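Listed here are the chains, written in short residue letters.
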Amino acid sequence: MLTDTVGIHHVTGIVRDAQANVDFYATTLGLRLVKQTVNFNEKFTRHLFYGDETGSPGTALTFFPYPAEEPGRPGTPQIRTVSLVIPPDAVDYWADRLTDRGVEVDGPFERFDETVLRISDPDGTDLELVTGESSVEPWDDGPVPAERAIRGIHGVTLHSTNPFVTASVLDTLGFDLVAQEGDRVRYRAPGDRATVVDLLDRDGEFGREGAGSIHHVAVRVEDEAQLYEWHDLFRERGYDVSRVKDRHVFQSLYVREPGGILFELATDGPGLTFDVDPETLGESLYLPPWLEEDREMIQNQLRPLDLPAGVGPSSDGGSN
Amino acid sequence: MAPRPTTPRSATDPHEGQEIATAGAPPQVADAAVIMLHGRGSKARHVLTLVDEFLHRGVMYLAPQAAGSSWYPAPAASPIERNEPWLTSALGRVSAALDIATDTGVPPERVVFFGFSQGACLAAEFALRNPRRYGGLVALSGSLLGPDLGSRPAGDDGNGDHDNHGSDADLGGTPVFFGSGRDDPRVETDRVEASARVFAELGADATSRLYEGLGHAINDDEIRVIDSFIERLD
């Protein structure tokens, strides 16, 4: 029996420079680097995961750094923005922290009774820090004080080539239309975190995927059995749907909906900590078993990465 | 949505005239091919969505479409004649796909057959009835057809007519893989293993693998097998 998704599972972007990515998301934004691995289908490409202490569903941002990638061009069909939740009293803290670190801050401005700061990451990925409530516990061992720290994903903004079709996919997944402000239509899932999807009902030039583009947004599915039910449902409707894939930390499938947005559906389990001590998350390169025999070759192909303070074998761990 | 029955063009050749969808390298530059056979209720364009996962340069992917999305009507263990004339017509479509490959200069030993469910049964039947060295056969969640798999010599059509190719025909070391979920509600695992044995006895490099908890689906390990079969052609 299919149940509605309760919200966003993770968001994945394309960037160029892995080191700049780590410096920005772990050091400046204070997210925890919870996993370093490679693209399972392309073993010489890193895949970096950031999130709360365990990278739990609704907190994870992941990136594929392609060193030679051309910059993307914003447009349709694209996931234009990913927004992150900050506590309502942390707006000034974040504006100051980001400005101090040379990040250009646009705002604050008000939208849907929330306060929004707009920024870009070093590759030009559009981000927002949005005030709000979230059930996510802040990571209390990062560079940002816990009372100001990011509390997971707030949502994403979609710029589809066909908002009506994309809206029907959101409706199918369990998101409800809750508000509209100008050409921004807000959908919300019934969960307690990462529940917002804004749909832009406006024309736009076609964009191009590249560095700074958000590749896909994943929504949460209870278990693998439900994934197969979703698979059959989307296939019956004639959508372009992938098979169910084992990503080790979750199972998933992909749907490219006719409005052009790539959705992933991902199971909550087994999660990033299924095979490692939570204290050592993100310290070393994880490889799936079939790539393990090539570890040395793969590690030699990847550009070395300086891990942020508090991560790595020299760290005293120390998280509680 | 139930597969919509389409009106067959011919009572004796019900799959005649169905499209053969393609992906990958264009014919001018293809030097290997994968013939991809969809399962019951599926479509050629659905099975082609898998191509991304084992895409290689210079490989052409050919997916014939079954009329009404079903290759034949009766279960795999039924007497083979109960699936006629659909089965013979379906084998004709596989043959047509193979002809497209050979016409573009790709010899059969550089053609991998891949099938899922009914498509797996069809791929296995085609290779057994037309024995020779192929690039490979990957049959997932399916087996050879007919009530008795143990007595199927190569070239045999399963209808007791053993003289069409002769039983000394040989698969010439063709890599053959049968994969299935141990809990697959639609596939009997002993038939999967028996099918691999039939191919092994007929000179194929045949293996079978059963997976716990897979159900009627394809997993990453099986995708890697297909990928490795195609990679071997490089």
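Residue numbering note: each chain is counted from 1, following its sequence as written. In the order they appear in the text, chains get letters beginning with A and ligands get numbers beginning with 1. The model is predicted, so local features are restricted to residues of pLDDT at least 70 and side-chain atom pairs to those at 80 or more, both for listing and for counting; the totals for chains, interfaces and linings are taken over all residues. Only heavy atoms go into the side-chain values, all of them from the structure, while hydrogens and water stay out.

### Focus: the overall build of chain A
Here's step 1: In DSSP terms, a helix is any run of H or I states spanning at least four residues, a strand is any run of E spanning at least two, and both are numbered starting from the N terminus. Scanning chain A from N- to C-terminus turns up six helices and 18 strands.
Here's step 2: With respect to the principal axes defined by its C-alpha atoms, chain A has extents near 50 × 45 × 40 Å.
Here's step 3: For chain A, long-range pairs separated by at least 24 residues make up 68% of all intrachain contacts whose partners lie at least 6 apart in sequence.
Here's step 4: Counting rule for charge: Lys and Arg are taken as positive, Asp and Glu as negative, and neither His nor the chain ends is counted. To locate a charge, take NZ of a lysine, CZ of an arginine, CG of an aspartate or CD of a glutamate. Once the 28 positive and 57 negative side-chain charges of chain A are each reduced to a mean point, those two points are 4 Å apart. The contact definition used throughout considers only heavy atoms, calling two residues in contact when any of these lie within 4.5 Å.

### Quick notes on the pairing of strand β3 (residues 59-64) of chain B
Residues and elements named next belong to chain B.
Here's step 1: Counting buried positions over the six residues of β3 gives six, a clear majority of the element.
Here's step 2: The rule for pairing is simple: two strands pair if DSSP sees at least two bridges between them. Taken together, the five bridges between strand β1 (residues 20-24) and β3 define a ladder with antiparallel strand orientation. The partner of alanine 23 across the bridge, within β3, is tyrosine 61.
Here's step 3: Relative to β3, strand β2 (residues 32-37) is paired through four bridges, and the arrangement is parallel. Paired with isoleucine 35 across the two strands is leucine 62, which belongs to β3. The rule is simple: take the accessible area with a 1.4 Å probe, protein chains only, and divide by the maximum for that residue type; under 20% is buried, over 50% is exposed, in between is partly exposed.

### Overview of the UniProt feature "domain: Phospholipase/carboxylesterase/thioesterase" (unreviewed entry) in chain B
Here's step 1: This chain's UniProt record puts "domain: Phospholipase/carboxylesterase/thioesterase" (unreviewed entry) on residues 26-145 of chain B.
Here's step 2: Taken end to end, residues 26-145 of chain B has its terminal C-alpha atoms 33 Å apart, with 28% of it in helix and 19% in strand. UniProt positions are given in the numbering used here, feature names are shortened, and annotations may be inferred rather than shown by experiment.

### A look at the confidence of the model for chain B
All names here are of chain B.
Here's step 1: A score from 0 to 100, pLDDT tells how confident the predictor is in each residue. Here chain B shows a mean pLDDT of 91. Residues at 70 or above account for 92%.
Here's step 2: Note on residues 1-5: pLDDT is under 50 here. Beyond four places in sequence and across chains, it has six contacts.
Here's step 3: Throughout residues 162-166 the model reports pLDDT below 50, and contacts reaching past four residues in sequence, or to other chains, amount to nine contacts.
Here's step 4: Reported for the predicted complex are a pTM of 0.84 and an ipTM of 0.71.

### Let's talk about helix α5 (residues 220-231) of chain B
All names here are of chain B.
Here's step 1: By definition here, a helix of n residues has an expected span of 1.5 Å times n minus one. For α5, with 12 residues, the first-to-last C-alpha span of 16 Å sits near the 16 Å given by 1.5 Å per residue.
Here's step 2: Taken together, the buried positions of α5 are occupied by Asp220, Glu222, Ile223, Val225, Ile226, Phe229 and Ile230.
Here's step 3: Two N or O atoms count as a polar contact when they lie within 3.5 Å, although within protein this holds only if one can serve as hydrogen donor and the other as acceptor, and sequence-adjacent residues are included solely when both atoms are side-chain atoms. Taking the backbone nitrogen of aspartate 221 as reference, a side-chain oxygen 3.2 Å away marks asparagine 219 as the first, capping residue of α5.

### A word on the packing of aromatic side chains
Here's step 1: Here is the rule: rings of Phe, Tyr and Trp (six-membered ring for Trp) pair when centre to centre is within 6.5 Å. Planes less than 30 degrees apart are stacked, more than 60 are edge-to-face, and the remainder are tilted. For the structure shown, the criterion picks out 14 aromatic pairs over all chains.
Here's step 2: With a centroid separation of 5.0 Å and 80 degrees between ring planes, the pair formed by Phe24(A) and Tyr25(A) is classed as edge-to-face. Each of the two residues, Phe24(A) as well as Tyr25(A), counts as buried.
Here's step 3: Geometrically, the ring pair formed by Phe234(A) and Tyr239(A) is tilted, given 5.6 Å between the ring centres and 50 degrees between the ring planes.
Here's step 4: The buried category is assigned to Tyr239(A), whose relative accessible area is 12%.
Here's step 5: One aromatic cluster is present, built from ring pairs that chain together Phe24(A), Tyr25(A), Tyr50(A) and Phe63(A).
Here's step 6: Our definition puts a charge over a ring when NZ of Lys or CZ of Arg is within 6 Å of the ring centre and also within 35 degrees of the ring normal. Taking the ring centre of Tyr286(A) as reference, the NZ or CZ of Lys35(A) above it sits at 4.1 Å.
Here's step 7: A cation over an aromatic ring shows up here: Arg224(B) above the ring of Trp290(A), its NZ or CZ 3.5 Å from the ring centre.

### Observations regarding helix α2 (residues 86-103) of chain B
Residues and elements named next belong to chain B.
Here's step 1: With 18 residues, α2 should reach 26 Å at 1.5 Å per residue; the first-to-last C-alpha distance of 25 Å fits that figure.
Here's step 2: All buried positions along α2 are accounted for by Leu87, Ser89, Ala90, Leu91, Arg93, Val94, Ala97, Leu98 and Ala101.
Here's step 3: Against β1, β2, β3, β4 (111-116) and α3 (118-129) lie the buried residues of α2.
Here's step 4: Following α2 by one or two positions, glycine 105 adopts a phi angle in the positive range, close to 95 degrees.

### As for the UniProt feature "domain: VOC" (unreviewed entry) in chain A
Residue and element names in this part refer to chain A.
Here's step 1: Here the UniProt feature "domain: VOC" (unreviewed entry) sits at residues 7-132 and 152-268.
Here's step 2: Secondary structure across residues 7-132 divides into 17% helix and 48% strand, with the first and last C-alpha atoms of the span separated by 15 Å.
Here's step 3: A distance of 15 Å separates the end C-alpha atoms of residues 152-268, which is 21% helix and 42% strand.

### Description of the packing of helix α3 (residues 163-173) of chain A against helix α4 (residues 224-236) of chain A
Residues and elements named next belong to chain A.
Here's step 1: Two numbers describe how α3 lies on α4: the axes approach to 12 Å, and their chain directions differ by 150 degrees. Of the possible angle classes, the one that applies to α3 and α4 is roughly antiparallel. Crossing handedness for the pair α3 and α4: right-handed. Residues Val169, Thr172 and Leu173 of α3 form the contact with α4, whose own contacting residues are Trp230, Leu233 and Phe234. To get an axis, fit a line to the C-alpha atoms, keeping to the stretch in contact for a helix; angles then go from 0 to 180 degrees between the N-to-C directions. The scheme is simple: roughly parallel for angles under 35 degrees, roughly antiparallel for over 145, roughly perpendicular for 65 to 115, oblique for anything else. Left-handed describes a crossing in which the near helix is turned anticlockwise from the far one by less than a right angle; the clockwise case is right-handed.

### Things to note about a negative patch on the surface
Here's step 1: On the surface, Glu222(A), Asp223(A), Glu224(A), Glu229(A), Asp232(A) and Glu236(A) cluster together to form a negatively charged patch.
Here's step 2: Residue classification places Glu229(A) among the partly exposed positions, given a relative accessible area of 31%. Patch members must show over 30% relative accessible area and no salt bridge, and they are joined within 9 Å when carrying like charges or within 5 Å when they are nonpolar side chains of Val, Leu, Ile, Met, Phe, Trp or Tyr. Accessible surface area values rest on a Shrake-Rupley calculation with a 1.4 Å probe, where residue burial reflects the displayed protein chains alone. A side-chain nitrogen of Lys or Arg and a carboxyl oxygen of Asp or Glu constitute a salt bridge if their distance falls within 4 Å.

### Let's talk about the confidence of the model for chain A
The predicted coordinates should not be examined in detail at positions where pLDDT is low.
Here's step 1: Overall, the predicted model of chain A reaches an average pLDDT of 93, with 97% of residues at or above 70.
Here's step 2: Contacts for the low-pLDDT stretch residues 313-320 of chain A, under 50 throughout, to residues beyond four places or in other chains number 11 contacts.

### Digging into the interface of chain B and chain A
Here's step 1: Across the boundary between the two partners, chain B contributes 14 residues, which contact 11 residues of chain A.
Here's step 2: As used here, buried area is the combined drop in accessible area, with a 1.4 Å probe, of two parts when they are placed together. Each partner contributes to the roughly 1,100 Å² buried at the junction of chain B and chain A, and carbon and sulfur atoms together form 41% of this total.
Here's step 3: Its salt-bridge partner being Lys245(A), residue Glu53(B) comes within 3.3 Å of it at the nearest N-O pair.
Here's step 4: Summed over the shared surface of chain B and chain A, the number is six residue pairs in polar contact (both at pLDDT 80 or more).
Here's step 5: Of all the secondary structure elements, the ones that give two or more residues to the side of chain B that touches chain A are α1 (44-47) and α5 of chain B.
Here's step 6: The element that contributes the greatest number of residues to the side of chain B that touches chain A is α5(B), accounting for three residues.
Here's step 7: Broken down by class, the residue content of the side of chain B that touches chain A amounts to six nonpolar, four polar and four charged. Under the scheme applied here, ten amino acids are nonpolar (Ala, Val, Leu, Ile, Met, Phe, Trp, Tyr, Cys and Pro), four are charged (Asp, Glu, Lys and Arg), and all others, including Gly, are polar.

### Points about the packing of α2(B) against α3(B)
Residues and elements named next belong to chain B.
Here's step 1: At a closest axis distance of 10 Å, the pairing of α2 and α3 adopts a crossing angle of 75 degrees. The orientation of α2 relative to α3 falls into the category roughly perpendicular. Counting all contacts with α2, which are made through Leu87, Ala90, Leu91, Val94, Ser95 and Leu98, the residues of α3 involved are Leu122, Glu125, Phe126 and Arg129.

### Some thoughts on the pairing of strand β5 (residues 136-140) of chain B
Residue and element names in this part refer to chain B.
Here's step 1: Across the five residues that make up β5, a large majority, five, are buried.
Here's step 2: Taken together, the five bridges between β4 and β5 define a ladder with parallel strand orientation. Across the sheet, residue valine 112 finds its bridge partner in β5, namely glycine 136.
Here's step 3: Orienting the strands away from the viewer, one traces the path from the first strand over the helix to the second; a clockwise path indicates a right-handed crossover. At this point the chain moves from β4, through α3, to the parallel β5, and the crossover so formed is right-handed.
Here's step 4: Here β5 runs beside strand β6 (residues 175-181); their pairing, made up of four bridges, is parallel.

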